[in-house]
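# An overview of the molecular structure
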Amino acid sequence: MKKILFLALIVLNTSIYGFSQIYPVNLTCEFIENPLGIDIQKPRLSWKFTATDRNQIQSAYEIIVSDNDQLIQQNKGSNWQTGKINSSQNIHIEYAGQPLKPFTKYFWRVKVYDKNGIASAWSSLATFETAVFQQSDWTARWIGDGRKQFEKDEDFYQIDPMSLFKKPFKTNKKIASARLYISGLGYYEAYLNDKKIGNHVLDPGFTAYRKQVLYTTYDITSMLQNGDNTLGIMLGNGWFNPLPLRLFGRFNLRDHQETGRPIVTAQVLIRYENSTADTIRTDETWQTVSGAIVKNNVYLGETYDARLEKPFSSKDGWKSAVVATAPSGILTAQMQPPIRMTRIVKPIAINEVGKDTFIVDMGQNFAGVARIKAKGTAGTKISLRYGEDIFPDGRLNFWTSVAGQIKEPWNLQGGLGAPKTAFQQDEYILKGGGEEVWQPRFTFHSFRYVQITGWQGKPFSSDIEGLRMNTDLALNGQFRCSNDMFNRLHEVIQWTFLSNVFSVQSDCPAREKFGYGADIVATTEGYMYNYDMAQFYKKAVRDFANDQQADGGITETAPFVGIADRGYGGNSGPLGWQLAFPFLQKKLYDYYGDKSVIEQYYPAIKKQMAFLQSKAIHGLFHWDISDHEALDSRPEAFTAAAFYYHHAMLATEFATILGNKTDSMAYSKLANIIKKAIVEKYYVPPTGRFDNATQSAQTFALWYGLSPQKDSTFNVLMQEYARHKWHVSGGIFSTKMMFDVLRENDRNDVAYTIANQRDFPGWGYMLAKGATTLWETWAYSDNVYSQNHPMFGSIDEWFYKSLLGINAAAPGFSKIIIKPQPAELTWAKGSYESVYGTIVSDWKKEADSFRLKVVIPVNTTAEIWLPAAENSVVTEGGGNFRLGVSDVGRKQKFDITNPKSAITEGGKKTREVKDIQFLRSEKGYVVVAVGSGEYDFRCSK
């Protein structure tokens, strides 16, 4: 039997791997598996691997690409056939075959060669499909209903039914494929034969419409029917037709973004099996009629009058559509993941708190809408008002989620016609005649509680549910540990993070919904460890580039909404907020090895740097919003100067990556000048103190490497922690930086103590007060600050970087460091899905040892830091040596005198494991190098 199994394995290995030790899997094009509708003429291809053994690398590859599926099945690439390329590269390989054609499906495969030069079998088939390459490829017109835009602000708040559009058409031939290409501004939903197309919501993503408009491609082949068909489109205002609501009494989106009445452009390409094709385009032959959505706004909510419903199959009341003025922006394929309904949240309680007033408790704060099932008399209006909290008497507390702080008691005016209090509220007017199911389409809210009025009878938990909505990001990370509070906090952060990705990463999903740069900087790595952010953050970079000012300044938010708090002239934002533009590019390079984004936006970076240099006063900057939400006095001028230094360092690195030696030297010189000026102005020798010596100031100094006396500066930071009884007192920047500083100084015990505090201020305090998403401030607020704010979620990257110890040592995690710093934990386990594959760190403290299991992807290498007390025994290359203070950083071999303590892997002494190389011993660790594979280390106590 054993012999039969062995022969079967040989046959399987031969047929699948061709005796190669590696095989390509998870093929992607521009980070997406089988993308539909890309507009990149030289897309980049990537893949990962499975492997049969450790220490595997790719020595070469072959790629074939064809627009003919029959040829690709024969392993022939009619469009591109690379032949054997001697290279270890398996990510971001740019297509270099025959020019791609628009609206075309391409098939591709890859064959790889292992470290011994043995070829694998060809991979499974992958595809990518192109869409519009040139604007001339888009032959559809923008159409609208012909109604004029309101002229007076107050008129925007009146009943304004959204329009429906339809186009009947026939198909009488056998269909090979059918695609819908569509963009509807502000939002749209598309239907074919009265069935919704796809599962996206709130499409397309929010952009600066004067620069860029996103479109989506749908495969509608299976939805078409032989004979009569009707394509229908429903439009909403979205961000393209916002109310003239003056957020905070000042900021009107209509003053800063290109806006207009809702319009749509779409074209359907039908290819038949006889090689003919038809195209259906939006134009004046389409028909339009007013629909049942009579009000809709991203802040105030939606009103739906079911009595006005019109199926697309109806015939009465329709009139000809009107060709509309197109937005100025370039039509661009939407590459970031779409917004979808990602979870149904069931209520945990419904309480009657007054006559005709019920409070539904969803048990969880999140972003989305409510869906109801109701019966009643035609014309009955059911109102749903949303809030994040309740008052002690059980009534709805909506104050933390009111749009732009427009609250009647505050006397902040939203403008003519605006409500005195800008509630989040949806309304449904029943048509009567049975059970009616409804959910809003063109708005989203932040809420845990829903106040219902107008319900006939009493609502039950089966009558209402919450629909969580968010950009449908792929989950890239997993984390669990022995501290239950940390596990709960990790879950709370996931709810918070997902609440704030609605095509832009927002500060909060209710009051503002804006893409603030600082919030992004504080949480970028937290998001990246948890989710695949490659395409989402590429869009964010372009959003900032779209709104870059003529003088080079970067705005505080992107898309820009008019806020320029403590900026540097015009509409530029403060330096910590401008930092998002280069910082995102840096992290896309660090986490995904994506150099293209740096290449693409380097001219914009140079323009930004020229702007900053022109605005510096005596070589530094002196004002900023600074360490936002710090409890101590913020060192404003010092942090502004540090942010300027950060910009200069990033510009230096980008120039170096791109091989621009002249710019690299110039920016490096500038960075050194800035650093010297900062030290001269803000350092207090020989005390180690910077500026006001708060946690913020000391952390900034250490994170940026500014201190000429690092140990003294670190000691002052420790004194500050002690003064605050080992609680955090910094803001959103220094909180992120704190965990890096403590990890890099091997003081994760301090980080653990601060993170584990259960009283104010800290994360444990939020949880103890019942938070299900993170707050905007360390203190509980029931009337001002958001209760769903991601910026203090930077602690989540600490879970991965320090507790699991997963860190990148080279772009894209092509080289990895695994260095768990357990502190008081007894176990932790988790993973990160890198562009090369899954990285796993799984450790626990056992009775007599520390056990660490790791997984390292093919085509990468790793440094593993194994805890080892002095006098532990290490074996390497057949020799043994004992750790001690004197051998830190040395590689000499020492004799064993007491072999009771040792490090093993897979139950074997390390000298018996050929795949492990000893590098050094350092600060209580043995550092070893490994290649790909699974490892099981045990470090005896």
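Let me begin by describing the structure that accompanies this report. (Residues numbered from 1 in each chain as written. Predicted model: local features only at pLDDT ≥ 70, side-chain atom pairs only at ≥ 80, totals over all residues. Heavy atoms only, no water.)

In terms of regular secondary structure, the chain is built from 16 helices and 49 strands. Here the C-alpha radius of gyration of the chain, 30 Å, is about what a compact globule of 941 residues would show, namely 30 Å. In terms of overall dimensions, the chain has a C-alpha envelope of 95 × 70 × 60 Å along the principal axes. Here the chain, with 941 residues, has 62% of them falling under the buried criterion. Total accessible area computed for the chain in this model is approximately 35,400 Å², and 49% of it derives from carbon and sulfur atoms. (Helix = DSSP H or I, 4+ residues; strand = E, 2+ residues; numbered from the N terminus. Rg over C-alpha atoms; globule rule 2.2 N^0.38 Å. Buried < 20%, exposed > 50% of the residue type's maximum accessible area, 1.4 Å probe, protein only. Areas by Shrake-Rupley, 256 points an atom, 1.4 Å probe, with all protein chains shown as cover.)

Axes are the key here: two packed helices are described by the angle between their axes and the distance separating the axes. Across the interface, helix H11 (residues 695–703) lies against helix H12 (residues 710–723) with an axial gap of 9 Å and an inter-helix angle of 150°. Relative to H12, the element H11 is oriented roughly antiparallel. Taken as a pair, H11 and H12 cross one another with a handedness that is left-handed. Contacts from Gln695, Gln698, Thr699, Ala701 and Leu702 in H11 reach Lys710, Thr713, Phe714, Val716, Leu717, Glu720 and Tyr721 in H12. (Axes fitted to C-alpha atoms, helices over the stretch in contact; angles between N-to-C directions. Parallel < 35°, antiparallel > 145°, perpendicular 65-115°, else oblique. Left-handed = near helix turned anticlockwise from the far one by under 90°. Contact = heavy atoms within 4.5 Å.)

Let us look at the sheet that holds strand E15 (residues 227–236). Read from one edge of the open sheet, six strands run E13-E12-E15-E10-E18-E21, paired in antiparallel fashion. Of all strands in the sheet, those with a lone pairing partner are strand E13 (195–196) and strand E21 (319–320), marking the two edges. With two bridges joining them, strand E18 (residues 287–290) and E21 adopt antiparallel strand pairing. The partner of threonine 288 across the bridge, within E21, is lysine 319. (Pairing = 2+ DSSP bridges.)

Helix length check: helix H4 (residues 517–530) (14 residues) gives 20 Å between terminal C-alpha atoms against 20 Å at 1.5 Å per residue, within 8%. Remark: the principal bend of H4, roughly 55°, maps to threonine 523. Counting buried positions over the 14 residues of H4 gives 14, a clear majority of the element. (Expected span 1.5 Å × (residues − 1). Bend = angle between axes of the 7 residues up to and from the residue.)

The subject of this paragraph is the sheet that holds strand E8 (residues 126–130). By definition, the strands of a sheet pair up through backbone hydrogen bonds, in either a parallel or an antiparallel sense. Strand order in the open sheet formed by five strands is E2-E8-E7-E4-E5, with mixed pairing between adjacent strands. Edge strands, defined here as strands with exactly one partner in the open sheet, are strand E2 (36–38) and strand E5 (80–81). Where E2 and E8 come together, two bridges link them in parallel fashion. Across the sheet, isoleucine 38 pairs through a bridge with threonine 130, a residue of E8.

Turning our attention to the side chain of glutamine 549. With respect to the helices and strands, glutamine 549 occurs in the loop between helix H5 (534–546) and helix H6 (575–578). Judged by relative accessible area, which is 17%, glutamine 549 ranks as buried. Sequence-distant contacts of glutamine 549, defined by excluding residues within four places in its chain, comprise Thr555, Asn571, Ser572 and Lys607.

With that settled, the discussion passes to the nonpolar core. Core analysis: the biggest nonpolar cluster contains 256 residues, and Ile864 and Phe937 have the highest contact counts within it. It is helix H9 (residues 636–657) that provides the largest number of residues to this core, a total of 13 residues. Apart from residues no more than four positions distant in its own chain, phenylalanine 937 is found in contact with Phe850, Arg851, Leu852, Val854, Ile864, Leu866, Ile903, Thr904, Glu905, Ile916, Val928 and Val930. If you look at the next biggest cluster of nonpolar residues, it comprises 24 residues, including Ile143, Phe165, Phe169 and Ile197. (Core = buried A, V, L, I, M, F, W, Y, C linked by side-chain atoms within 4.5 Å.)

Here we come to the pattern of salt bridges. Applying the stated criterion across every chain, the model contains 52 salt bridges. The residue glutamate 465 makes a salt bridge to arginine 371 at a minimum N-O spacing of 2.7 Å. Taken together, the residues span a long stretch of sequence, with glutamate 465 in strand E33 (residues 464–471) and arginine 371 in strand E26 (residues 357–374) at a distance of 94 residues. According to the relative accessible area criterion, glutamate 465 is buried, its value standing at 15%. Here the residues in one salt-bridge network are Glu525, Lys586, Lys587, Asp590, Glu653, Lys736, Asp740, Arg743, Glu744, Glu797 and Lys801, joined through shared partners. (Salt bridge = Lys/Arg side-chain N within 4 Å of Asp/Glu carboxyl O.)

The next thing to look at is unusual backbone geometry. Of note, the bond from leucine 185 into glycine 186 is cis; its omega dihedral lies within 30 degrees of zero at -5°. In this structure, glycine 186 sits in the loop between strand E11 (175–185) and strand E12 (187–192). For the bond running from alanine 558 to proline 559, omega is -5°, close enough to zero to count as cis. The topology assignment puts proline 559 in the loop between H5 and H6. For asparagine 26, which is not glycine, the phi dihedral falls at a positive 50°. In this structure, asparagine 26 sits in strand E1 (residues 22–29). Residue classification places asparagine 26 among the partly exposed residues on the basis of a relative accessible area of 40%.

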